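What follows is each chain in one-letter form.
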Amino acid sequence: MTWFIGLMLYQNTMTLSTPPDPSGFIANLGIERTVWKPGHSRLELTLTEDHLNKAGVAHGGIYMVLLDSALGSALVASLKIEEWCATTQLSTSFLAPAR
């Protein structure tokens, strides 16, 4: 099963010439960036048993990592080369497991 989170933001600025390679935590999870352009980002992850919680569904942290990384990627792709950003706060409420 492959999950993806995409985001579209609209800004008219110079962009970074190339996206950074996935590294560390993102690379260890197996997340791949499939879209990187100004205001657009898509990250994909093929779920394995390592990503599942005891109920057999993707751990909620996976969704948050995908969301945070997709948001950041879409924004960074829209920034001038000398600019950068960081998440200062991100929260969500899970109502029920996704199936």
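This next bit is on the overall build of the protein chain. From N to C terminus, the protein chain includes 2 helices and 3 strands. When the 99 residues of the protein chain are sorted by exposure, 26% land in the buried category. Within the protein chain, counting contacts between residues at least 6 apart in sequence, those at least 24 apart form 65% of the total. When the accessible area of the protein chain is evaluated, it comes to approximately 6,800 Å², of which 55% is carbon and sulfur surface.

Here strand β2 (residues 32-37) pairs with strand β3 (residues 40-46) via 5 bridges, running antiparallel. The partner of Val35 across the bridge, within β3, is Arg42. Here β2 folds back onto β3 in antiparallel fashion, the turn holding 2 residues, of which Gly39 has a positive phi close to 80°.

This next bit is on the environment of Met64. Checked against the element boundaries, Met64 lands in helix α2 (residues 60-76). Filtering out sequence-adjacent residues up to four positions away, Met64 remains in contact with Leu90, Ser91, Thr92 and Phe94.

A few words now on the environment of His51. Note that His51 resides in the loop between β3 and α2. In this structure the C-alpha to C-alpha distance between His51 and Leu29, which are 22 residues apart in sequence, comes to 8.0 Å. Not counting chain neighbours up to four residues away, the residues in contact with His51 comprise Leu29, Leu45, Thr46, Val57, Ala58, His59 and Ile62.

A few words now on the confidence of the model for the protein chain. Overall, the prediction assigns the protein chain a mean pLDDT of 80, with 80% of residues at 70 or greater. Per-element confidence in the protein chain is highest for β3, whose mean pLDDT is 92, and lowest for strand β1 (residues 2-8), whose mean pLDDT is 48. Contacts from residues 6-13, a stretch scored under 50 in pLDDT, to residues over four places away or in other chains number 20 contacts.

A separate point is α2. For α2, built from 17 residues, the straight-helix expectation of 24 Å at 1.5 Å per residue is met to within 8% by its first-to-last C-alpha distance of 24 Å. Of all the residues in α2, the buried ones are Ile62, Tyr63, Met64, Val65, Leu66, Ser69, Ala70, Ser73, Ala74 and Val76.

Each value, and the rule that gives it
Residues numbered from 1 in each chain as written. Predicted model: local features only at pLDDT ≥ 70, side-chain atom pairs only at ≥ 80, totals over all residues. Heavy atoms only, no water. Helix = DSSP H or I, 4+ residues; strand = E, 2+ residues; numbered from the N terminus. Buried < 20%, exposed > 50% of the residue type's maximum accessible area, 1.4 Å probe, protein only. Contact = heavy atoms within 4.5 Å. Areas by Shrake-Rupley, 256 points an atom, 1.4 Å probe, with all protein chains shown as cover. Pairing = 2+ DSSP bridges. pLDDT = per-residue confidence, 0-100. Expected span 1.5 Å × (residues − 1).

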